[in-house]
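If you want the building blocks of each chain, they are given just below.
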Amino acid sequence: MEEFETNIQETGSKQHVIEAVVGLTLLVLAFFAIASSDVSAEGTRTYWSLLLLIFAVVAFVSDRMHTDHGIAHVHSAVTIALHWLGVFLAIQLVHYFVVSGRMANADIGLTNGLVLALGTFLFGVYSNWRMGVIGVALTVATAGVAFIEEFVWFLFIVAVVAVLVLFLGTRLINSHS
């Protein structure tokens, strides 16, 4: 019996680490998109689209891991797909505004960062708190980039704090269940 409990604890610990690494990866990919959009707004359109696809897949997998939804639970799958389709369309609209001259090219990274942050946070509110933490971290990072010239250290600090919250929050929740 002790061996079984030890295996469960190790598996839980591995899952905490994997979730923290996935969260960090999402943040780094989003930070890169925000920063690179300053260089070439139109050149990052495909990157933003792929980034949204990655966020949507992680959200779907996260929903399946942390809720009682089975892999074939159609209602939640449609809800997730519509949610991320809305975020995708909002980001495409931002790109359209830039191309049509209604918005400055330099603002696309910040605007898309906020749209992604809002979408991620809202998904976290109705499905999985971990995505909410990532959404808050993206919001803080995007605001920081807007106000701080040398923002690389700031992004690093935000990423470390977000990963710590994800890791410690998961451990705290699991220790009380």
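Residues numbered from 1 in each chain as written. Predicted model: local features only at pLDDT ≥ 70, side-chain atom pairs only at ≥ 80, totals over all residues. Heavy atoms only, no water.

**Q** How would you summarise the overall build of the chain if you had to cite specific residues and measurements?
**A** If you tally the helices and strands in the chain, you get six helices and zero strands. Shown N-terminal to C-terminal, the secondary structure of the chain runs as helices and strands in the order α-α-α-α-α-α. Since a compact globule built from 177 residues should have a radius of gyration of about 16 Å, the 18 Å found for the chain is in line with a globular shape. Its C-alpha atoms put the chain at 65 × 40 × 20 Å along the principal axes. A total of 177 residues make up the chain; the buried ones form 38% of that total. The contacts of the chain with a sequence gap of at least 6 include a subset with a gap of at least 24, amounting to 66%. Surface summary for the chain: the accessible area is close to 10,000 Å², and the carbon and sulfur share equals 72%. Across the chain, the 6 positively charged side chains and the 12 negatively charged ones have centroids separated by 8 Å. (Helix = DSSP H or I, 4+ residues; strand = E, 2+ residues; numbered from the N terminus. Rg over C-alpha atoms; globule rule 2.2 N^0.38 Å. Buried < 20%, exposed > 50% of the residue type's maximum accessible area, 1.4 Å probe, protein only. Contact = heavy atoms within 4.5 Å. Areas by Shrake-Rupley, 256 points an atom, 1.4 Å probe, with all protein chains shown as cover. Lys, Arg positive; Asp, Glu negative; His and termini not counted. Charge placed at Lys NZ, Arg CZ, Asp CG, Glu CD.)

**Q** Account for the packing of helix α3 (residues 74-99) against helix α4 (residues 108-126), with residues named and values stated.
**A** Remark: α3 packs on α4, axes separated minimally by 10 Å, with the N-to-C direction vectors making an angle of 170°. Between α3 and α4, the crossing angle belongs to the class labelled roughly antiparallel. Of the two elements, α3 crosses α4, and the hand of that crossing is right-handed. Note on element contacts: α4 touches α3 through I108, T111, N112, V115, L116, G119, T120, L122, F123 and Y126, opposite T79, I80, H83, W84, V87, A90, I91, V94, H95 and V98. For the contact of α3 with α4, the residue count by class is 13 nonpolar, seven polar and no charged. (Axes fitted to C-alpha atoms, helices over the stretch in contact; angles between N-to-C directions. Parallel < 35°, antiparallel > 145°, perpendicular 65-115°, else oblique. Left-handed = near helix turned anticlockwise from the far one by under 90°. Nonpolar A, V, L, I, M, F, W, Y, C, P; charged D, E, K, R; others polar.)

**Q** Describe in detail the packing of aromatic side chains, supporting the description with residues and values.
**A** Taken as a whole and judged by the stated rule, the model has five aromatic pairs. Note on F32 and Y47: the rings are 5.4 Å apart at their centroids and 75° apart in plane angle, and the pair reads as edge-to-face. Residue F32 is found in helix α1 (residues 2-39), and its partner Y47 is found in helix α2 (residues 45-66); the two are separated by 15 residues along the sequence. Ring plane angle 50° and centroid distance 6.4 Å describe the contact between Y96 and F97, whose orientation is recorded as tilted. For F97, a relative accessible area of 31% puts it in the partly exposed group. One aromatic cluster in this structure is built from F55, W84, F123 and Y126. (Phe/Tyr/Trp six-rings, centres within 6.5 Å; stacked < 30°, edge-to-face > 60°.)

**Q** Kindly report on the side chain of S76, identifying the contributing residues and their values.
**A** Mapped onto the elements, S76 comes out in helix α3. When residues no more than four places from it in sequence are discounted, the contact partners of S76 are D63, R64 and H69.

**Q** A description of the nonpolar core should follow, citing residues and the corresponding values.
**A** Counting residues in hydrophobic clusters, the biggest one holds 31 residues, and the most contacted among them are F55, W84, L116 and L138. Mapped by element, the contributors of at least two residues to this core are α1, α2, α3, α4, α5 (129-147) and α6 (152-175). Of all the elements, α5 adds the most residues to this core, at seven residues. Those residues within four positions of F55 in sequence are excluded, and the remaining contacts are L26, A30, W84, L116, T120, M131, I134 and L138. (Core = buried A, V, L, I, M, F, W, Y, C linked by side-chain atoms within 4.5 Å.)

**Q** Outline a nonpolar patch on the surface, listing residues and values.
**A** Among the surface-exposed residues, W153, F156, I157, V160, V161, L164, V165 and L168 lie close enough to one another that they form a single nonpolar patch of about 800 Å² accessible area. In this fold, L168 is placed in helix α6. With a relative accessible area of 51%, L168 lands in the exposed category. (Patch = residues over 30% accessible without salt bridge, like charges linked within 9 Å, V, L, I, M, F, W, Y side chains within 5 Å. Salt bridge = Lys/Arg side-chain N within 4 Å of Asp/Glu carboxyl O.)

**Q** Requested: an account of the packing of α5 against α6, with residues and values cited.
**A** Interhelical geometry of α5 versus α6 gives an angle of 165° and a closest axis separation of 10 Å. In terms of their interaxial angle, α5 and α6 are classed as roughly antiparallel. The two elements α5 and α6 meet at a crossing, and its hand is right-handed. Taking contact as the criterion, the partners of W129, R130, V133, I134, A137, V140, A141, G144 and V145 in α5 are, on α6, F154, L155, V158, A162, V165, L166, G169, T170 and I173.

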